[in-house]
Amino acid sequence: MMFVQAAAALAAALHTGAAHAQLPEPTELVNQQHCMFCHTTDAPFLAPSFQQIAGRYRDKPDASAMLEQKLRHGGKAHWGDMAMPLPKDRGGPLSAEDAHTLVQWVLSQ
Ligand code: HEC
């Protein structure tokens, strides 16, 4: 089922001529962690937009490991003065696997 969704998203992305394939949103995780409370896809709001983040890190080989670590354990701010809250303040603990899914999705935007 996941594969079918991914394939559909890929087909849609190719169809609109996007330069890269956007992964399907892991909606349950995104809701559980309230990502969209502070982020939007394309407009900086309380936090950098996911497109800005993707633009900054997509081509950096070590970035996804760093971001997964940061999503789970926090780290210093890279965009401004406000660091991102830790998982326990966002809705619950985040597994390594879920952090990976979220980061891959953000970087695909
Ligand atoms: C309470 C507000 C808030 C929530 C909720 C939130 N973020 Fe953030 N996020 C921020 C802020 C503020 C920054 C900028 C921090 C910085 O300067 O590094 C940020 C930065 C990021 C970055 C870039 C980090 C870096 O080092 O450049 C990623 C990736 C990210 N968020 C993903 C997510 C995901 C995925 C979720 C849901 C699991 C989420 N955020 C939920 C506020 C939030």
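Only a predicted model underlies this, so the values are computations on that prediction, with no experimental measurement involved.

A. Main features of the pattern of salt bridges. The tally for this structure, following the rule as stated, stands at 1 salt bridge. Between aspartate 89 and lysine 88 there is a salt bridge, with the nearest N and O atoms lying 3.7 Å from each other.

B. Broad picture of the packing of aromatic side chains. The final tally for this structure, using the stated rule, is 1 aromatic pair. With a centroid separation of 5.3 Å and an interplanar angle of 70°, the aromatic rings of phenylalanine 50 and tryptophan 105 are classed as edge-to-face. A residue pair is termed long-range when its members are at least 10 positions apart, and phenylalanine 50 in helix H4 (residues 50–57) and tryptophan 105 in helix H7 (residues 96–107) qualify at 55 residues. Residue classification places phenylalanine 50 among the buried residues on the basis of a relative accessible area of 5%. Just above the ring of tryptophan 79 sits the side chain of arginine 56; from NZ or CZ to the centre is 4.5 Å.

C. Region of the structure containing the site of the ligand. In the region of the ligand, 23 residues are neighbours, and Cys35, Cys38, His39, Tyr57 and Met84 sit closest. In the environment of the ligand, an oxygen atom lies 2.5 Å from a nitrogen or oxygen atom belonging to the backbone of histidine 78. Contacts to the ligand include tryptophan 79, whose backbone N or O atom sits 2.5 Å from an oxygen atom. Counting residues per element, the ones that place at least two in the shell around the ligand are helix H3 (35–38), H4 and helix H5 (63–73). Class assignment for the residues of the shell around the ligand results in 16 nonpolar, 5 polar and 2 charged.

D. Region of the structure containing H4. Among the residues of H4, those classed as buried are Phe50, Ile53, Ala54 and Tyr57. Along the long axis of H4, the arc covered by the buried residues comes to 100°, so they all point the same way. Buried residues belonging to H4 abut H3, H5 and H7.

E. Region of interest: the coordination of the iron atom of the ligand. Taken together, His39 (NE2) and Met84 (SD) make up the protein donors of the iron atom of the ligand, found 1.8 to 1.9 Å from the metal. What the 6 donor atoms of the iron atom of the ligand show is an angle range of 86 to 180° at the metal, which sorts the shape as octahedral. One end of the pair, histidine 39, is in the loop between H3 and H4; the other, methionine 84, is in the loop between H5 and helix H6 (87–90), with 45 residues separating them in the sequence. Owing to a relative accessible area of 32%, methionine 84 belongs among the partly exposed residues under this scheme.

Calculation criteria
Along each chain, residue indices are assigned from 1 in the same order as the chain's sequence is written. Only residues with pLDDT of at least 70 get local features here, since the model is predicted, and only at 80 or more are side-chain atom pairs given and counted; chain-wide, interface and lining totals rely on the full set of residues. Side-chain figures throughout are based on the complete set of non-hydrogen atoms in the structure, without hydrogens or water. We count a salt bridge whenever a side-chain nitrogen from Lys or Arg sits within 4 Å of a carboxyl oxygen from Asp or Glu. Whether two aromatic rings pair depends on their centres lying within 6.5 Å, for rings of Phe, Tyr and Trp, where Trp uses its six-membered ring; planes under 30 degrees apart make the pair stacked, over 60 edge-to-face, and the rest tilted. Each helix corresponds to a stretch of at least 4 residues labelled H or I by DSSP, and each strand to a stretch of at least 2 residues labelled E; elements are numbered beginning at the N terminus. Exposure is judged per residue with a 1.4 Å probe applied to protein chains only, and the accessible area is read against the type maximum: over 50% gives exposed, under 20% gives buried, and values in between give partly exposed. Distance and angle both matter: a charge sits over a ring if NZ of Lys or CZ of Arg is within 6 Å of the ring centre and within 35 degrees of the ring normal. Being near a molecule or strand, for a residue, means having at least one of its heavy atoms within 4 Å of it. Side-chain atoms alone can form a polar contact between residues adjacent in sequence; in general such a contact is a pair of N or O atoms within 3.5 Å, and within protein one must be able to donate a hydrogen while the other accepts it. In this count, Pro and Cys sit with the nonpolar residues alongside Ala, Val, Leu, Ile, Met, Phe, Trp and Tyr, while Asp, Glu, Lys and Arg are called charged and the others, Gly among them, polar. What the arc describes is the spread of directions from the helix axis to the C-beta atoms. The contact rule is simple, with two residues in contact once any of their heavy atoms fall within 4.5 Å. Coordinating donors are taken as N, O and S atoms within 2.8 Å of the metal, stretched to 3.2 Å for Na, K and Ca; because water is absent from the atoms, sites can appear incomplete. Only four donors with every angle between 85 and 135 degrees are called tetrahedral; only four or six donors with opposite donors over 155 degrees apart and all others between 65 and 115 are called square planar or octahedral, in that order; all others are irregular.

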